[in-house]
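Structural description and commentary
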Amino acid sequence: MMSADANIIEIFSSIQGEGKYVGCRQVFVRFAGCNATCKYCDTMTSRKSSVTKAQIEESPGSRRFMSVDNPIEPLQLLGYITNLYDHKHHSVSFTGGEPLCHSTALSLFLPMFRGIKYLETNGTLPDELEKVLPHIDIISMDIKLPSVAGKNYWEEHRNFLRIAKQREVFVKIVISGETNDAEFDTAIQLIAEIDNNIPVILQPVTPINSCKSVAPERVLFLHDKASVQLNDLRVIPQTHKYIGQM
Ligand code: SF4
């Protein structure tokens, strides 16, 4: 898992559909493999720890892809990204799967790249975050609720957020029909104890697999509860799917 070369699913230009930077154009670098098994996962192919070929967009937005062999070494990765990253892009999003499963490859590659580096992470691998932290500009951290993650990550999330707070960070919590009050309260309390000014996005789940949608009244109820403790709270669904973006 911890190799100097990266196992990549795809690299492409698109619009960020989630979180605080929703609507920004980014180059997305989607890594293979994940340490979690969320019920609502919409990138199931990315959960495979390795794929033989990566799909690389030839020019930004062309949706023409070339197929290249994995794993990809840092200089080669730099070439693919800089070929797509131009003035119209806000940043490069390192996503997955879970990009921190590739912390060794990231720690070699990130210092070479001069643009804004945005990490989309499940927030469960604090030791791996520490290895790349100096080279990351913005962290989009998930808090995974046990009802959909299938296990409890509170300790990992607490340690992760304490480290992530040294950079720009916001937290995303996917809420679903399964979300219960106790786990939601625990998540909000965890964030508030670290810093109640950290922006928090409540993201109503896009129903998938066996994951049920959350009722509109329930969204407002959960927002009410969280707003007692948090100063920067927003409700934003996944938007890229409405506009047909990858
Ligand atoms: S952390 Fe992300 S990639 Fe991994 S299983 Fe959960 S939703 Fe899927």
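Residues numbered from 1 in each chain as written. Predicted model: local features only at pLDDT ≥ 70, side-chain atom pairs only at ≥ 80, totals over all residues. Heavy atoms only, no water.

Let's talk about the pattern of salt bridges
In a structure, side chains of opposite charge can pair up when their charged atoms sit close to one another. Under the defined criterion, the tally for this structure stands at 16 salt bridges. Of the charged contacts, one joins E10 and R30 as a salt bridge, the two residues approaching to 2.8 Å between their closest N and O atoms. Here R30 lies in strand 2 (residues 25–31) and E10 lies in strand 1 (residues 8–15), a separation of 20 residues in the sequence. (Salt bridge = Lys/Arg side-chain N within 4 Å of Asp/Glu carboxyl O. Helix = DSSP H or I, 4+ residues; strand = E, 2+ residues; numbered from the N terminus.)

Here we look at the site of the ligand
The full set of residues close to the ligand is C34, A36, T37, C38, C41, T43, R47, G97, N122 and K144. A breakdown of the residues in the shell around the ligand according to their chemical character gives 4 nonpolar, 4 polar and 2 charged. (Near = heavy atom within 4 Å. Nonpolar A, V, L, I, M, F, W, Y, C, P; charged D, E, K, R; others polar.)

Some points on the packing of aromatic side chains
This structure, assessed with the given rule, holds 8 aromatic pairs. Judged by centre distance (6.4 Å) and plane angle (50°), the ring pair of Y118 and F170 falls under tilted. One end of the pair, Y118, is in strand 6 (residues 117–121); the other, F170, is in strand 8 (residues 168–175), and 52 residues separate them in sequence. Take F170: its relative accessible area is 0%, and that puts it in the buried class. Taken together, the ring pairs connect F31, Y85, F94, F109 and F113 into an aromatic cluster. (Phe/Tyr/Trp six-rings, centres within 6.5 Å; stacked < 30°, edge-to-face > 60°. Buried < 20%, exposed > 50% of the residue type's maximum accessible area, 1.4 Å probe, protein only.)

As for the packing of helix 5 (residues 154–164) against helix 6 (residues 181–194)
Helix 6 packs onto helix 5 with a crossing angle of 25° between their chain directions and a minimal axis gap of 10 Å. As summarised for this structure, helix 5 and helix 6 are arranged roughly parallel, according to the angle between their axes. The two elements helix 5 and helix 6 cross, and the hand of that crossing is right-handed. Contacts between helix 5 and helix 6 involve W154, H157, R158, L161 and R162 from the first element and E183, T186, A187, L190, I191 and I194 from the second. Residue composition of the contact of helix 5 with helix 6, grouped by class: 6 nonpolar, 2 polar and 3 charged. (Axes fitted to C-alpha atoms, helices over the stretch in contact; angles between N-to-C directions. Parallel < 35°, antiparallel > 145°, perpendicular 65-115°, else oblique. Left-handed = near helix turned anticlockwise from the far one by under 90°. Contact = heavy atoms within 4.5 Å.)

Some words on the pairing of strand 7 (residues 138–142)
Successive residues of a regular strand alternate their side chains across the two faces of the sheet. When you tally the buried positions in strand 7, you get 5 out of 5 residues, the bulk of the element. Alternating residues of strand 7 divide into I138, S140 and D142 and I139 and M141, and every residue in both groups is buried. Of the crossover connections in this fold, the one passing from strand 6 over helix 3 (residues 126–132) to the parallel strand 7 is right-handed. Direction of pairing for strand 7 relative to strand 8: parallel, over a ladder of 5 bridges. Residue pairing in the sheet places I139 in a bridge with V169 of strand 8. (Right-handed = clockwise from strand over helix to strand, strands pointing away. Pairing = 2+ DSSP bridges.)

Looking at the sheet that holds strand 10 (residues 233–235)
With mixed pairing, 10 strands are arranged side by side in an open sheet as 4-3-1-2-5-6-7-8-9-10. Because the sheet does not close on itself, it has two edges, and the strands there are strand 4 (65–69) and strand 10. Mean inter-strand twist for the sheet, computed between neighbouring axes without regard to direction, equals 20°. Of the pairings in the sheet, the one linking strand 1 to strand 2 comprises 7 bridges and is antiparallel in character. If you follow I11 over to strand 2, its bridge partner there is V29. Along the sheet face, helix 1 (residues 74–84) touches strand 1, strand 2, strand 3 (53–57), strand 4 and strand 5 (91–95) and points at about 15° away from the line of strand 1. Along the sheet, helix 5 makes contact with strand 6, strand 7 and strand 8, crossing strand 7 at roughly 165°.

Description of unusual backbone geometry
Along the chain, N70 connects to P71 via a cis peptide bond; the corresponding omega equals -5°. Within the fold, P71 resides in the loop between strand 4 and helix 1. Residue G97 is reached from G96 by a cis peptide bond, and omega for that bond is 15°. Note that G97 resides in the loop between strand 5 and helix 2 (103–109). For R63, which is not glycine, the phi torsion reads 55° and is therefore positive. The residue R63 is located in the loop between strand 3 and strand 4 in this model. Judged by its relative accessible area of 32%, R63 is partly exposed.

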